[in-house]
Structure formats: C-alpha cells, structure tokens
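Observations on the model geometry
For reference, the chains in residue letters:
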Amino acid sequence: MSDARSGLKLAIISESPADEAAIKVLVEAVLRERATWLTPTLRARGWPSVAQVLPAVIRHLHFNTDADGVVVVVDSDDSVVHTPAHDAPGYFHPHCRICQLRAVYRQTTKKLPAARGRDRVLRAVGVAVPAVEGWYLCGRDERVTEAAWTSGQETGVMPYTRGELKWRVYGTDRPSLAHEIKCALEEVARHRRDTRRLEHDFPGFASLANDLRSWRRQID
Amino acid sequence: MIASVAFRNFKALRNAHLELAPFNLVIGPNGSGKTSLIQALMRLRLLSRLPLREPVSAGERDIADGPEVTFRFTPPYDTSEAVISCVSDVQCDLLQVDPLGNDWPGLRGRLQSMRSYIFDHHAIAAHAPEREGAELTANGGNLAAVLLTLREREPESLAKLRAELIRILPEYTDLVCARETDGQIGVHLLLADGAGVIPAENASQGTLYLLAILALAFDPTPPALVCIEEIDRGFHPRFLREVRDLLYQLSHPDGFGLKRAPVQVIATTHSPYLLDLFRDHPEEVVISEKQGTAATFSRLVDRTDVKELLEDGSLGDMWFTGILGGVPEEKHE
C-alpha cells in the first residue's frame, strides 16, 4: 500500500469517532491505497437517523464538496440481515438496512444534475452484524460471524448479545471514547493487509468492499 | 450509597418513589422534581451533620401529612432507614435514623461527603484564594485553587487531568495554575503551536465546564455521591460522549483501571443527544413526570416495551416525541 494519498476524496457517515477511525483503515485496506478524508467528519445518531440524514448528506457532498464517494456503515442491531437474494435486480427488502440505504441513495441521486465535474457522488454501504464490534472480533474469535448471528435469528437462540461483543472487545461495558478508538484500531490492524477473512465471515462488510472496488471502474 | 428515596408532599413530589442506581441520568420537563430530588439529598447531608433528634411520633407533630422524605441505603448500610420530616410548617429539620446502630458514624460520614453542583462559568473562571482548594464548591468557583492543591498533593492526578483535557480539546497544550497580581490563584490554558495563553476568564463556557468536570473525575478522594444539574450545558453535542465518559469514570472507576470506591452519580439533562448515549444502559435513565402539580419518577428500564423502543430509534428522538414521557404538559382548549 502506498503512503501517498490517492485521488479519491471520501466522506464517512459514522456513529462515533471510534467507528470512523476503524472504518477508514478498512476502506483503505480494500482500496489498497490511502484516501483523502473529508472534514469536518459526518456523524449520525444511529439508526434510523442515518437513513433520515443521508439524502441531505448526499446533496451536500454533491454540490458543496469535491468528494468522490461516501461510505456509510451502520449496525444491523436486530434487523433483517442482507443476503445475496436481496441483490437480485429490482429486489428490495423493506427491513434490510443495506437495501434501505441503497434505496435512499438511488432516490436521492436520480434527479441530481452533474456538479463539480462528476455525475454523482459514489456510495459504499456496509452493515455490521449485529454491531461493528463483530467486525473487530473477526480473526480473534471464530464463533463471531454473521452466519452465527443469522442462524441465531432463525432458531431464536442468539449466540451472543451486542453487549457481550462490546465486553469482549473493550473489556468493559462502559468504555471511554479514547479506549474505544484504541481497541478499534488494534483490532482492525489484523485486516490492514488482507480483508478476505473479514469479507468471508461478514458479508455485510463484503458488500461494502464490493462497492468500494467498483468505484475505480466507475471513475476510470 | 443511596438505594432509594421516597417522597411524600415534598414540593411537587407528592407521592413519588425512586430506586437509585450507581449512575442516574434524570430527564423530564421543568418543574418535574429533578432539582427537588437533589435538594432532598442535600438536606439529608445537611441534617446528618447535626445531632440526631429524638424520634417524634406522628401524633406529636403540629401538622398532618407534612413533607417527608425516606431514604434507604445500599450495603453495608442497607438495614438503616433515614427519614426527614417536618414537625411544623416552619420546622422541617427532623432527621430520624432507624435503627440507629453502630454503623451510623460510617453512614453519617458518607452522607456528609455527598455533593451537588450547578456549574457557573463566571465563577469557575474567577481567581480563588489558595486556601480554598480542598474541594470543588457547588458552582465550581474555586477551581483554580482546587487544581493548585491537586498539583501540590497529587501531581499524578493533575497530569492525568491535563492529558485528558488536551486529548479532548487538542487546541490546548497545557494547563497552568499561577498566582495572579491580586494574590489569588488563576487558571491559564496554553494554546497549541505557541499561539498564546488564554486566561480562564477568556475561555469558552464549555471549556470551563469541562475543566470543572475533569476536576471532579480526577479527584483522588471524591465524594460518595455527586449530583450535577444540566450536565450537558455549554457542550457541543459531539462532546457529550466525553462528558458521559468522565461521569462513568466516577461511577465505574474499575472500568477505567482506577482503584477507588465508586461515586454514585445523579445528573440531570434536557439534551436528547446526551440521552442517546444511554441506549446500552437504559437502566440508568430516570424519567420525571409532571401531571398537574404532582411529579413522579419512573425508570426507563421498567417499561415493558423498552426492548422494542430501543430497536425503533434513538432515545433522544423518542423522548422528544413524548413516547417516553418526561415532556412538558400542554394546555389544550
């Protein structure tokens, strides 16, 4: 990975500075290049606030900035988890957060005129199942996977709770922000050079990675 | 420390009961009893300093159904009950402890260390006499002296406080307490990149409130219980996470690697953004309600639909809509 900042200028909508710090590392790992990050950073107050503010964010990025793309990552919580069937042309699951965020983006950009030399700001959407701490534990605890969670949803016997995941990552259920950032960066460092394990265990991350990889084709 | 408080005819709290947790965020409309809760605790603190009165039976009192506040405690004081009541309309200073056992001196010491704060940025910025640095006063008015005392007696604690300040507000590189021309102690903040020195009186309100909360969080011998009103005041919504973390440092020191007794925290707020930060701990949220002139308390976690509420959206938005209660009454024609 080159240390030189790439031509890609990106924005992230996240729920906290800790999520933001970790997602930046993961995005650059997938792109295999450094990005330039838009400031001030964009923050949302969790679901459904993300979906509510996304249209305004997209329009702002489109008209007022030279951002190439926007990265949106949310926790799935207890919502319906995205599956390959949802990717079928014209399909939309009303309770899947990836489907909902993609639909918001589609609706918002449909009638936007070109601005700042591009047709639209690109989007990459990921959903952490059930929370971003699941991603952090990938490669450290093989019992924590998206499949384990969806299996739990089907059987009604959940393999773990979001609180337990937080405890495993932070060692406390009331981590300070500084501690959260430190732990998040330590955990995602495992995936800095190779994100295949994370993509395999967490298809919600693979969706994000696929979106990001498609950007080069769309820009070039 | 305090396990529960029960109110009878105490201001707007006509018939209210509240179980207290190690950390309590109290939300609700103006006049719904948030401040009355804190006043009751501070009255308990005040009366615990005095010699206890002999028990006065209800029949001996001049007024019937006068104000009464009953406190129960967490272990090791869980067998005791303290009751503040009124003998007459003008005399409301009767504290009775039952049973009055050998543990009263210990409990009394804990009660007397309870503190309540309503920070005032003008007071926080003011110079303070050096001799007044033992503990932070109710409005934060002796902050400079407190920081100086910390520097002299617990330099490691001050170093941690300073590091936390710089992490949260990276525009600063240091915090200095110095004797001013008036002979009192003042606080100065050094700007990054050598851009200058900001005396406390020129610092922002939020910076001053943060300094006061830092002084509490890094107090090596903190009070047994801390009440802070309008904890969100002066802070940008994105800073509220840091404020919450500092309060958690008080109430859950073990989670922060600190080896000292936990401080029970009661904080009030009107900020939906701060409430959002308690999604993972709804058991810490207390909702105060006002119906007519009577106020009551309830805990968010006691709602049967709390799980569904937490799945449906941010707590702050839910509160504003009125779903959680704790909103002002509106007069309809």
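Scroll up to find the structure.
Scoring rules and cut-offs
Residues numbered from 1 in each chain as written. Chains lettered and ligands numbered in written order. Predicted model: local features only at pLDDT ≥ 70, side-chain atom pairs only at ≥ 80, totals over all residues. Heavy atoms only, no water. Salt bridge = Lys/Arg side-chain N within 4 Å of Asp/Glu carboxyl O. Helix = DSSP H or I, 4+ residues; strand = E, 2+ residues; numbered from the N terminus. Buried < 20%, exposed > 50% of the residue type's maximum accessible area, 1.4 Å probe, protein only. Pairing = 2+ DSSP bridges. Axes fitted to C-alpha atoms, helices over the stretch in contact; angles between N-to-C directions. Contact = heavy atoms within 4.5 Å. Buried area = accessible area lost by both parts, 1.4 Å probe. Lys, Arg positive; Asp, Glu negative; His and termini not counted. Polar contact = N/O pair within 3.5 Å; in protein donor to acceptor, adjacent residues only side chain to side chain. Core = buried A, V, L, I, M, F, W, Y, C linked by side-chain atoms within 4.5 Å. Disulfide = S-S within 2.5 Å. Phe/Tyr/Trp six-rings, centres within 6.5 Å; stacked < 30°, edge-to-face > 60°. 1 Å grid on protein atoms, 1.4 Å probe; cavity = no way out; pocket = protein on both sides within 12 Å on 5 of 7 lines; lining within 4 Å. Points joined across faces, edges and corners; volume = space filled by probe spheres on them. Nonpolar A, V, L, I, M, F, W, Y, C, P; charged D, E, K, R; others polar.

1. Here's the deal with the pattern of salt bridges
Residue and element names in this part refer to chain A. Taken as a whole and judged by the stated rule, the model has 36 salt bridges over all chains. One salt bridge connects Arg168 with Asp141, and the closest N-O pair in it is separated by 2.6 Å. Residue Arg168 is located in helix H6 (residues 162–170), and its partner Asp141 is located in the loop between helix H4 (132–137) and helix H5 (146–155); the two are separated by 27 residues in the primary sequence. Relative accessible area serves as the criterion here: at 29%, Arg168 is assigned to the partly exposed category. Note on Asp141: relative accessible area 10%, which makes it buried. A salt bridge links Glu187 to Arg190; the nearest nitrogen and oxygen atoms lie 2.7 Å apart. Residue classification places Glu187 among the buried positions, given a relative accessible area of 8%.

2. Quick notes on the sheet that holds strand S8 (residues 172–179) of chain B
Residue and element names in this part refer to chain B. Spatial strand order, S8-S9-S10: three strands in an open sheet with antiparallel pairing. A single partner strand is all that each edge strand has here, and the edge strands are S8 and strand S10 (197–199). Taking the axes of each pair of neighbouring strands and ignoring which way they run, one obtains an average angle of 30° across the sheet. The pairing of S8 with strand S9 (residues 185–191) spans seven bridges and is antiparallel. From the neighbouring strand, Asp174 faces S9, where its bridge partner is Leu190.

3. A short note on the interface of chain A and chain B
Facing the 19 residues of chain A at the interface are 25 residues of chain B. The junction of chain A with chain B conceals about 1,700 Å² of combined surface from both sides, 42% of it contributed by carbon and sulfur atoms. Sorting the residues of chain A by area buried against chain B places Arg45, Arg174 and Leu177 of chain A first, and these three jointly supply 45% of that buried surface. At the junction of chain A and chain B, the tally comes to seven salt bridges. A salt bridge links Arg279 of chain B to Asp77 of chain A; its shortest N-O distance comes to 3.4 Å. Mapped by element, the contributors of at least two residues to the side of chain A that touches chain B are strand S3 (42–43), H6 and helix H7 (177–188) of chain A. The dominant element in the side of chain A that touches chain B, judged by the number of residues it contributes, is H7 of chain A, at three residues.

4. What to know about the pairing of strand S13 (residues 285–291) of chain B
All names here are of chain B. Strand direction decides the pairing type here: strand S3 (residues 23–27) and S13, joined by three bridges, are parallel. Its bridge partner being in S13, Val26 is matched across the sheet by Val286. Bridge count between S13 and strand S14 (residues 294–299): six bridges; the pairing is antiparallel. Among the inter-strand pairings, Lys290 is bridged to a residue of S14, identified as Ala295.

5. Some points on the sheet that holds strand S5 (residues 81–85) of chain B
Residues and elements named next belong to chain B. Reading across the sheet, the five strands line up as S2-S1-S4-S5-S6 and stay open at both edges, with antiparallel pairing between neighbours. The sheet is open, and its two borders are formed by strand S2 (13–19) and strand S6 (94–98), each paired with just one other strand. On average, each strand axis in the sheet is inclined to that of its neighbour by 10°, with strand direction left out of account. Bridging between strand S1 (residues 2–10) and strand S4 (residues 68–73) involves six bridges; their strand directions are antiparallel. Within S4, the position partnered with Ile2 by the bridge is Phe73. With respect to the sheet, helix H1 (residues 34–48) is in contact with S1, S2, S4, S5 and S6, its orientation differing from that of S1 by roughly 105°.

6. Quick look at the side chain of Arg260 of chain B
Residue and element names in this part refer to chain B. Its place among the elements puts Arg260 in the loop between helix H7 (240–251) and strand S12 (264–269). The side chain of Arg260 is buried and forms no salt bridge, while Asp219, the nearest opposite charge, is found at 7.5 Å. A distance of 3.0 Å separates a polar side-chain atom of Arg260 from the backbone oxygen of Gln249. Residues contacting Arg260, with those up to four places away along its chain left out, are Ala217, Asp219, Pro220, Pro222, Gln249, Leu250 and Pro253.

7. What to know about the nonpolar core
Core analysis: the largest hydrophobic core is formed by 66 residues, its most contacted members being Leu61, Val71, Leu101, Trp135, Phe205 and Leu212 of chain A. Those residues in contact with Trp135 of chain A that lie beyond four places of it in its chain are Leu26, Val73, Val127, Ala128, Val129, His191, Leu198, Phe202, Gly204, Phe205 and Leu208 of chain A. Judged by nonpolar contacts, the second largest core, of 64 residues, contains Phe23, Leu169, Val187 and Leu274 of chain B.

8. Comments concerning the state of the cysteines
All names here are of chain A. With the rule as written, the count across this model stands at zero disulfides over all chains. Take Cys138: it sits in no disulfide, and the sulfur closest to it among the cysteines is that of Cys183, at 17 Å. Residue class for Cys138 comes out buried when judged on its relative accessible area of 0%.

9. Here's the deal with the packing of aromatic side chains
Residue and element names in this part refer to chain B. Taken as a whole, this structure holds nine aromatic pairs over all chains when the rule is applied. Here Phe23 and Tyr248 contribute two aromatic rings whose centre-to-centre distance is 5.1 Å and whose plane-to-plane angle is 65°, an arrangement assigned as edge-to-face. Residue Phe23 is located in strand S3, and its partner Tyr248 is located in helix H7; the two are separated by 225 residues in the primary sequence. Taken individually, Phe23 and Tyr248 each receive the classification buried, so the pair is uniform in this respect. A ring pair is formed by Tyr117 and Phe119, whose centres lie 5.4 Å apart and whose planes are at 25°; its orientation type is stacked.

10. A short note on the layout of surface pockets
All names here are of chain B. Here the largest pocket is characterised by a volume of approximately 1,200 Å³. With five residues, H7 is the largest single contributor of residues to the lining of the largest pocket. Residues of the lining of the largest pocket, tallied by class, amount to 21 nonpolar, seven polar and 22 charged.

11. What to know about helix H4 (residues 143–153) of chain B
Residue and element names in this part refer to chain B. Burial within H4 is extensive, with eight of its eleven residues counted as buried. By the burial criterion, the buried members of H4 are Leu143, Ala144, Ala145, Val146, Leu147, Leu148, Thr149 and Leu150. Buried positions along H4 lie against helix H3 (121–125), helix H5 (155–168), S8, S9 and helix H6 (205–217).

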